[in-house]
Amino acid sequence: MTKRRQAVVAGGAVCWKRVDGDVKILLVHRTQHKDVSIPKGKRDPGESIPECAKREIEEETGLHVTLGAYLGRVDYQLPGGKDKNVYYWAAEVDPGEAERAPFESNKEIFALEWVSVSKARKKLTYPHDADIIENFQNLVDAGMERTFPLILLRHGKAMPRENWDGPDHTRPLLQKGLNQARLQAGGIAAFGPERLVSSPATRCLATIEPAAKQTGLEVISRKRISQDNWEPLGEGPRSLIDKAISRRRPTVYCSHGPVLPQLLQAAGDAGGPGSERLVSQHFGMSTGEFVVIHVAKETAQPRIVAVESHQAPED
């Protein structure tokens, strides 16, 4: 039997800005391929896909973006027969930054072009890129193109309870858990969190520490999302989620396996029709994994736009 080759994984974004009330999106004219596409690029070893998308946008366009709503994945086959999976997000660009961003034609990209969504559909070389643009247009039509993230992070792989003599909340991360925390930090930072909240357990604080270093944010400890304070109804976790949603503040919560479904459920209950279905798919988070819940920023009532999950990449 022929062994199936591992797919090439890439990340990209629909970079957009609003000019005089009209939405413009960024297309790249690629040098070698002689095509027109959405900016994207291949993931480096040890890199999460959101981190890849943010890095590739900067390298190709000079823009420093924060990832917004997840727009979907496209799969296709490369000329050599290898599969390629590309993940896309929306990414709003300040019009002033778009004008100032340094760009020079290079061996990968020879031109950037800001166009309307309707013009983009006609200019794009590949139909699958047009599908991603259509997903973005649906958000614009619904008034939900601007979002903020709630990021739920499960602590990394920790010392097994049976191998630890001290209190459970002092169990440390294993080397695998430390690696997971380090490799996830860039992906978490790509979504522009403004607040980091953690269970006071040692394994949670150690997991969120690399993200704190990368973002420059202070970690706030909350017993309400600790495993020791777990309660069946989860009123403590629910109050934290409700506050973050009401304030529309991008927030990361680092917690435990039993608590995270309560945080997800609270977001689903607050997020409008269909939200419970979106969040319930992520109840079984693995160690080191994080889930991003994208919430519409400008709707009268909270609306969850998209939910995605990211396991820790390998070194």
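See above for the structure.
Procedures and definitions
- Residues numbered from 1 in each chain as written.
- Predicted model: local features only at pLDDT ≥ 70, side-chain atom pairs only at ≥ 80, totals over all residues.
- Heavy atoms only, no water.
- Helix = DSSP H or I, 4+ residues; strand = E, 2+ residues; numbered from the N terminus.
- Rg over C-alpha atoms; globule rule 2.2 N^0.38 Å.
- Buried < 20%, exposed > 50% of the residue type's maximum accessible area, 1.4 Å probe, protein only.
- Contact = heavy atoms within 4.5 Å.
- Areas by Shrake-Rupley, 256 points an atom, 1.4 Å probe, with all protein chains shown as cover.
- Lys, Arg positive; Asp, Glu negative; His and termini not counted.
- Charge placed at Lys NZ, Arg CZ, Asp CG, Glu CD.
- Phe/Tyr/Trp six-rings, centres within 6.5 Å; stacked < 30°, edge-to-face > 60°.
- Pairing = 2+ DSSP bridges.
- Axes fitted to C-alpha atoms, helices over the stretch in contact; angles between N-to-C directions.
- Parallel < 35°, antiparallel > 145°, perpendicular 65-115°, else oblique.
- Left-handed = near helix turned anticlockwise from the far one by under 90°.
- Polar contact = N/O pair within 3.5 Å; in protein donor to acceptor, adjacent residues only side chain to side chain.
- Expected span 1.5 Å × (residues − 1).

## Structural notes on the overall build of the protein
- What the protein contains, in helices and strands, is 9 helices and 13 strands.
- Whereas a compact globule of 315 residues would reach a radius of gyration of roughly 20 Å, the protein reaches 20 Å, a difference of no more than 12%.
- Judged by the C-alpha coordinates and their principal axes, the protein covers about 60 × 50 × 40 Å.
- Looking at the protein residue by residue over its 315 residues, the buried ones come to 50%.
- Looking at the protein alone, contacts between residues at least 24 apart form 70% of all its contacts between residues at least 6 apart.
- Counting only carbon and sulfur atoms, one obtains 47% of the accessible surface of the protein, whose full area is about 15,000 Å².
- With 43 positive and 41 negative side-chain charges, the protein shows a separation of 2 Å between the mean positions of the two kinds.

## A short note on the packing of aromatic side chains
- Applying the stated criterion across every chain yields a total of 3 aromatic pairs.
- With centroids separated by 5.7 Å and ring planes inclined at 45°, the aromatic side chains of tryptophan 16 and phenylalanine 136 adopt a geometry described as tilted. In this pair, tryptophan 16 sits in strand S1 (residues 8–19) while phenylalanine 136 sits in helix H4 (residues 127–141), placing the two residues 120 residues apart along the sequence.
- For phenylalanine 136, a relative accessible area of 0% translates into the label buried.
- When the centroid spacing of 5.6 Å and the interplanar angle of 55° are considered together, the rings of tyrosine 70 and tryptophan 89 count as tilted. A residue pair is termed long-range when its members are at least 10 positions apart, and tyrosine 70 in strand S5 (residues 70–77) and tryptophan 89 in strand S6 (residues 83–92) qualify at 19 residues.

## Section: the pairing of strand S9 (residues 195–198)
- Residues Arg195 and Val197 line one face of S9 and the alternating positions Leu196 and Ser198 line the opposite face, and both faces are buried.
- When S9 meets strand S11 (residues 251–255), the two strands line up parallel, connected through 4 bridges. Looking across to S11, one finds that valine 197 is bridged to tyrosine 253.
- Here 3 bridges tie S9 to strand S10 (residues 219–221), and the two strands are oriented parallel to one another.

## Some points on helix H8 (residues 260–270)
- Buried within H8 are the following residues: Leu260, Gln262, Leu263, Leu264, Ala266, Ala267 and Gly268.
- On its buried face, H8 is in contact with strand S8 (147–154), helix H7 (235–247), S11, helix H9 (275–280), strand S12 (290–296) and strand S13 (304–310).
- Of the residues one or two after H8, glycine 272 is the one with positive phi, at around 90°.

## Here's the deal with the sheet that holds S8
- Read across the sheet, 6 strands follow the order S10-S9-S11-S8-S12-S13 without closing on themselves; strand pairing throughout is mixed. At either end of the open sheet lies a strand with only one pairing partner, and these are S10 and S13. On average, each strand axis in the sheet is inclined to that of its neighbour by 20°, with strand direction left out of account.
- As paired elements, S8 and S11 share 5 bridges and run parallel to each other. Note that in S11 the partner of leucine 153 across the bridge is cysteine 254.
- Sitting on the sheet, H7 touches S8 and S11, and the angle it makes with S8 is about 155°.

## Overview of the environment of histidine 33
- Among the secondary structure elements, histidine 33 is positioned in the loop between strand S2 (22–30) and strand S3 (36–37).
- Distance from histidine 33 to glutamate 108, taken between C-alpha atoms, is 8.5 Å for residues 75 residues apart in sequence.

## A look at the packing of H7 against H8
- Relative orientation of the contacting elements H7 and H8 amounts to 45°, with a least axis distance of 9 Å. Relative to H8, the element H7 lies oblique. Viewed along their axes, H7 and H8 form a crossing whose handedness is right-handed. Note on element contacts: H8 touches H7 through Gln262, Leu263, Gln265, Ala266, Ala267, Asp269 and Ala270, opposite Pro237, Arg238, Ile241, Asp242 and Ile245.

## Thoughts on the side chain of serine 199
- Position of serine 199 relative to the elements: it lies in the loop between S9 and helix H6 (202–215).
- Classification of serine 199 by relative accessible area gives buried; the value is 0%.
- Separated by 2.8 Å, the side chains of serine 199 and histidine 256 make a polar contact.
- Among residues more than four places away in sequence, those in contact with serine 199 are Cys204, Leu205, Ser221, Arg222, Ile225, Ser226, Cys254 and His256.

## Description of helix H1 (residues 49–61)
- Over its 13 residues, H1 runs 18 Å from end to end, which matches the ideal 18 Å to within 8%, given 1.5 Å per residue.
- Turning to H1, its buried residues are Ile49, Pro50, Cys52, Ala53, Arg55, Glu56, Ile57, Glu60 and Thr61.
- Once H1 ends, the next one or two residues include glycine 62, with phi positive near 85°.

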